[in-house]
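A structural walkthrough
Residues per chain, in single letters:
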Amino acid sequence: MQDFAEAFRLAFSLVLSGDADLFEIIWLSLQVSLTALLISCVIGFGLGTVVALSRFPGRGGVIVLFNTLMGLPPVVVGLLVYLALSRAGPLGVLGLLYTPAAMIIAQSILITPIIAALSRQIVEDLFCEYDELFRSLTVPLHTAMAAVLWDARYSLITVALAGFGRAIAEVGAVMIVGGNIDHLTRVMTTAIALETSKGDLSLALALGIVLLAISMTVNALGLSLRSTAGRQAYA
Amino acid sequence: MHDVALKLSGRIADAASSDAATDAAVLNAAALLPLVVRNLSFRAGGRSLIDALDLEITAPGVTTVMGPNGAGKSLLLRLLHGLIPPSAGEVLWAGMPPDREVQKQQAMVFQKPVLLRRSVADNMDFVMKLAGAPDVERRDSLLQEVGLLPLSAQPARLLSGGEQQRLSLARALATNPQVLLLDEPTASLDPASVMTIERIVKDASGRGIKIIFVTHDLAQAKRIADEVVFLHQGRVAEHAPAADFFERPTSSVACDYLAGRIVL
Amino acid sequence: MMRMVVVAAVAAVVAGLSAAPASASDKSIIVQSTTSTANSGLYDYILPIFKKKTGVNVNVVAVGTGQAIKNAQNCDGDVLLVHAKSSEEKFVGEGYGVERFDLMYNDFVFVGPPSDPAGIAGTNDAEAAMKAIADKRALFASRGDDSGTHKKERKLWEAAGVDPSRGSGKWYRETGSGMGATLNVGVGMGAYVMTDRATWISFKNRGDFKIVVEGDKNLFNQYGVILVNQAKCPHVKSRLGQQFVNWLLSAEGQQAIGSYRRSGQQLFFPNAVQQAMEKSG
């Protein structure tokens, strides 16, 4: 119990003191996870929409695959990205291992399936609603995709938040491909892991509280956007 | 508005019949008539919902499709529009099957309005963009016609049921259709909305747009129909000019239906 | 609002991607090293000194010695700084490293609960202590991760004539984790742990654990430093890596290592000076 009280006190004093190292880590966490989220949204919304609107042999298999990959263990993703980006690996020449770019790649791989799987469901539901109208109007497929994605945009915020939550909270992938290098690739989760391994549990917990607060802020922003839209009956 | 219709009809008439035709013939060609349905069947779950149906519609104006629940009215409308493929038989509009080219010259209004999650104006713009550039003036005049101009900026989904259906109708007309297919558009609407919709439909018909209007509202059919197609168990039980149908029905099912007896 | 979010996200991407290449650029090297050196805070102390002198950024990846060597074999590092002499010599022997230098040492200690179920507190004989632990089937938490510490521990079991794998899952608990995580486990379950002194001194979650065995010369813990071989790994930043290795071995680097204190205690004892002088001589 004393640990919790201590952790909260520490969390507040860390934030209030404007600890430069802490803010560097927070900024990098946000940079990495938001960038990964953006990349994943571009790819995931695209994939989800294509699968939602088209019918092809093996479509069911693709959907099962998306849903399965939603459960990708971060460590496995980290390992795969490490093997690919290692100097000894196929993409070693890029020299991306132990850089924020490597972390972005790993997190993108981790959350793209989540974005794709969840957006497919949302887009497909909305498309079912529009289907007869679009066929009656002979709307071309690409126009239909754009229209459904646009009209579903507020519902897709929830999907993006789910992806962001997974990205900002994972430690396994960024630890391996980022290396938890101080001032370079150290993010909130790897810092927490480090402090835990140093046995400084109060500091680790305090960082966890800060991470949770960041996550909460992002979620609150996203959801308020959505509920505003909801009141306007666009969602 | 009339000009636009005529211009379009002229273009199609040129392609269809070059010989000096009467105005009626021009209008007919413009409305993709005649509509010929031969041996049309649609089976689902081992049942024939449309059963070797034959039908020929040559007259312009308003054709109402009537019949008891389950007669296949909505299904027939979708088959005519090419939204679903038939199990057998064919639908020909001026000799052409209802493919994309034919669909483009038609518009359909659904019983339950399908509106995009956008504003009233954006719903209009979406369909107008499909045909070309959105035309604000024309959009506003259509919205004015259905009484929705003051609500242009409103989200379509916040409209009342009647307003939603009026928007559907305005949106359908925005595509400059030759044929307007309506699937019980006024079911469960208030009288004022019903009247507005009927007036607009009659106006459109007057401009040469062929109307096929599914309804089970006898009073409404009497108000708007030029001819009636009465469906029963997936077949045409009676096809007659409106006056004849309501005065002297020839089929026993139509007699029973008009008399308010239960028709199975 | 939606637009603002998109703009912010795009800005983040641009910033993220532009930050990436800058970090990988010229004046920085990657050192594959061990959790014990990193967690003790040694690097936080000596690297700024090196940076100030040379302007070179040293990025430390702290993993177990086993993984550090594997990473270096994959050419994912410029310098290797670990503590498992035979593995290091094999690494050099296979051509992955240029040359191995002794850098510094400290020692391993056994920590345990005050109840001391194996009755080994106060001894300085590691082999006898291990025999006692095995005989009493007292809980023992092992790294189990092929790290330098784990290799050393296995060697000691062997010397004590005990095969701890027979007690695996019973009294012998292999965590498969780093030193800190294993200490957390050990303290949590009241198990003896063998740890390097530096990690223990800087470790915060000690509970009521104390050092029970120390001072055996077999518990000596030698660290070595190796420049990764450019012949095997063309991307290695040999010049900067060599500069770092030279500095560590120099009187200045050795002095920096020796002057690092934690709670008033010296954690690492430099022992390269002699050797470096021999080299230069």
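An account of the accompanying structure is given in this report.

Each value, and the rule that gives it
Residues numbered from 1 in each chain as written. Chains lettered and ligands numbered in written order. Predicted model: local features only at pLDDT ≥ 70, side-chain atom pairs only at ≥ 80, totals over all residues. Heavy atoms only, no water. Helix = DSSP H or I, 4+ residues; strand = E, 2+ residues; numbered from the N terminus. Buried < 20%, exposed > 50% of the residue type's maximum accessible area, 1.4 Å probe, protein only. Areas by Shrake-Rupley, 256 points an atom, 1.4 Å probe, with all protein chains shown as cover. Arc of directions from axis to C-beta. Contact = heavy atoms within 4.5 Å. Pairing = 2+ DSSP bridges. Buried area = accessible area lost by both parts, 1.4 Å probe. Salt bridge = Lys/Arg side-chain N within 4 Å of Asp/Glu carboxyl O. Polar contact = N/O pair within 3.5 Å; in protein donor to acceptor, adjacent residues only side chain to side chain. Phe/Tyr/Trp six-rings, centres within 6.5 Å; stacked < 30°, edge-to-face > 60°. Lys NZ or Arg CZ within 6 Å of the ring centre and 35° of its normal. Axes fitted to C-alpha atoms, helices over the stretch in contact; angles between N-to-C directions. Parallel < 35°, antiparallel > 145°, perpendicular 65-115°, else oblique. Core = buried A, V, L, I, M, F, W, Y, C linked by side-chain atoms within 4.5 Å. Left-handed = near helix turned anticlockwise from the far one by under 90°.

Focus on the overall build of chain B
- Per the secondary structure count, chain B includes 11 helices and 9 strands.
- Buried residues in chain B amount to 53% of all 264 residues.
- About 11400 Å² of surface is accessible on chain B, with carbon and sulfur atoms providing 52% of the total.

Examining helix H3 (residues 59–69) of chain A
Residues and elements named next belong to chain A.
- Within the sequence span of H3, burial applies to Arg59, Ile63 and Phe66. When H3 is viewed along its axis, its buried side chains cluster within an angular range of 60° and face the same direction. The outward face of H3, more than 90 degrees from its buried face, is lined by the exposed residues Val64 and Thr68.
- If you follow the buried residues of H3, they end up packed against helix H2 (20–53) and helix H5 (100–136).

Here we look at the pairing of strand S2 (residues 57–63) of chain C
Residues and elements named next belong to chain C.
- Counting buried positions along S2 yields 5 of 7 residues, so the element is predominantly enclosed.
- Bridge count for strand S1 (residues 28–34) against S2 is 7 bridges, and the pairing is parallel. Along S2, the bridge assignment pairs glutamine 32 with valine 61.

Looking at the interface of chain B and chain A
- The partner chain A presents 22 residues to the 23 residues of chain B that form the contact.
- Summed over both sides, the interface of chain B with chain A buries roughly 2100 Å², with 58% coming from carbon and sulfur.
- Linking chain B with chain A are 3 salt bridges, by the criterion used here.
- One salt bridge in this structure joins A:Glu132 and B:Arg78, with 2.5 Å as the shortest N-O distance.
- Where chain B touches chain A, the interface holds 9 residue pairs in polar contact (both at pLDDT 80 or more).
- When contributions to the side of chain B that touches chain A are tallied by element, the ones reaching two or more residues are helix H3 (73–81), helix H4 (100–104) and helix H5 (120–131) of chain B.

Structural notes on the pairing of strand S8 (residues 227–232) of chain B
Residue and element names in this part refer to chain B.
- Across the 6 residues of S8, 6 count as buried, placing the element largely inside the fold.
- Alternating residues of S8 divide into Glu227, Val229 and Leu231 and Val228, Phe230 and His232, and every residue in both groups is buried.
- As paired elements, strand S3 (residues 62–66) and S8 share 4 bridges and run parallel to each other. By the bridge assignment for S8, threonine 63 is matched with glutamate 227.
- The loop that links S8 with its antiparallel partner strand S9 (residues 235–241) comprises 2 residues; one of these, glutamine 233, has a positive phi angle of about 50°.

Quick look at the packing of aromatic side chains
Residues and elements named next belong to chain C.
- For the structure shown, the criterion picks out 20 aromatic pairs over all chains.
- Ring geometry for phenylalanine 50 versus tryptophan 247: centroids 5.3 Å apart, planes at 45°, classification tilted. Here phenylalanine 50 is found in helix H3 (residues 42–54), whereas its partner tryptophan 247 is found in helix H10 (residues 238–249), with 197 residues between them in sequence. Both residues of the pair, phenylalanine 50 and tryptophan 247, count as buried.
- The interplanar angle of 85° and the centroid separation of 5.8 Å between the aromatic rings of tryptophan 157 and tyrosine 172 together place this pair among those described as edge-to-face. One end of the pair, tryptophan 157, is in helix H7 (residues 148–160); the other, tyrosine 172, is in strand S6 (residues 172–174), with 15 residues separating them in the sequence.
- Residue classification places tyrosine 172 among the buried positions, given a relative accessible area of 3%.
- Through pairs of rings, three or more aromatic residues link up here, namely Phe110, Phe140, Trp157, Trp171 and Tyr172.
- Against the face of tryptophan 200 rests arginine 206, its NZ or CZ located 5.1 Å from the ring centre.
- Between the NZ or CZ atom of lysine 232 and the centre of the ring of tyrosine 96, over which it lies, the distance is 4.8 Å.

Some points on the packing of helix H7 (residues 161–174) of chain B against helix H8 (residues 191–206) of chain B
Residues and elements named next belong to chain B.
- The N-to-C vectors of H7 and H8 enclose an angle of 10°; their axes lie 9 Å apart at closest approach. Taken together, the axes of H7 and H8 are roughly parallel relative to one another. Where H7 abuts H8, its residues Gly162, Glu163, Gln165, Arg166, Leu169 and Leu173 lie against Ser193, Thr196, Ile197, Ile200, Val201 and Ala204.

Here's the deal with the side chain of C:Thr35
Residues and elements named next belong to chain C.
- Here threonine 35 shows up in helix H2 (residues 35–39).
- Looking at threonine 35, the relative accessible area reads 15%, which means it is buried.
- Ignoring sequence-local partners within four residues, the contact set of threonine 35 consists of Ser40, Ala62, Val63, Arg143 and Met179.

Things to note about the arrangement of the chains
- The chain pair with the greatest number of contacts, out of 2 pairs of chains in contact, is formed by chains A and C.
- Between chain B and chain C there is no contact; the minimum C-alpha to C-alpha separation amounts to 15 Å.

As for the environment of B:Glu184
All names here are of chain B.
- Of note, glutamate 184 is situated in the loop between strand S6 (179–183) and H8.
- The exposure class assigned to glutamate 184 is buried, which follows from its relative accessible area of 9%.
- Sequence separation between glutamate 184 and phenylalanine 110 is 74 residues; the distance between their C-alpha atoms is 7.3 Å.
- Here histidine 216 takes part through its side chain, which lies 3.5 Å from a polar atom of the side chain of glutamate 184.

So, the nonpolar core
- Formed by 153 residues in total, the largest nonpolar core has its most connected members in A:Phe134, B:Trp93 and B:Leu180.
- In terms of residue count, the dominant contributor to this core is H5(A) (14 residues).
- Contact partners of B:Trp93, with chain neighbours within four places excluded, come to B:Ala31, B:Leu32, B:Pro34, B:Leu35, B:Leu80, B:Pro98, B:Val102, B:Gln106, B:Val179, B:Leu181 and B:Ile212.
- The next biggest cluster of nonpolar side chains, apart from the first, holds 33 residues, and it includes C:Phe50, C:Leu81, C:Leu103 and C:Tyr223.

Considering the packing of H5(B) against H7(B)
Residues and elements named next belong to chain B.
- For the pair H5 and H7, interaxial distance at closest approach is 9 Å and the crossing angle is 25°. With respect to each other, H5 and H7 are oriented roughly parallel. Crossing of H5 over H7 shows right-handed handedness. In this structure, H5 uses Val120, Asn123, Met124, Val127 and Met128 to contact H7, whose residues at the interface are Leu167, Ala170, Arg171 and Ala174.

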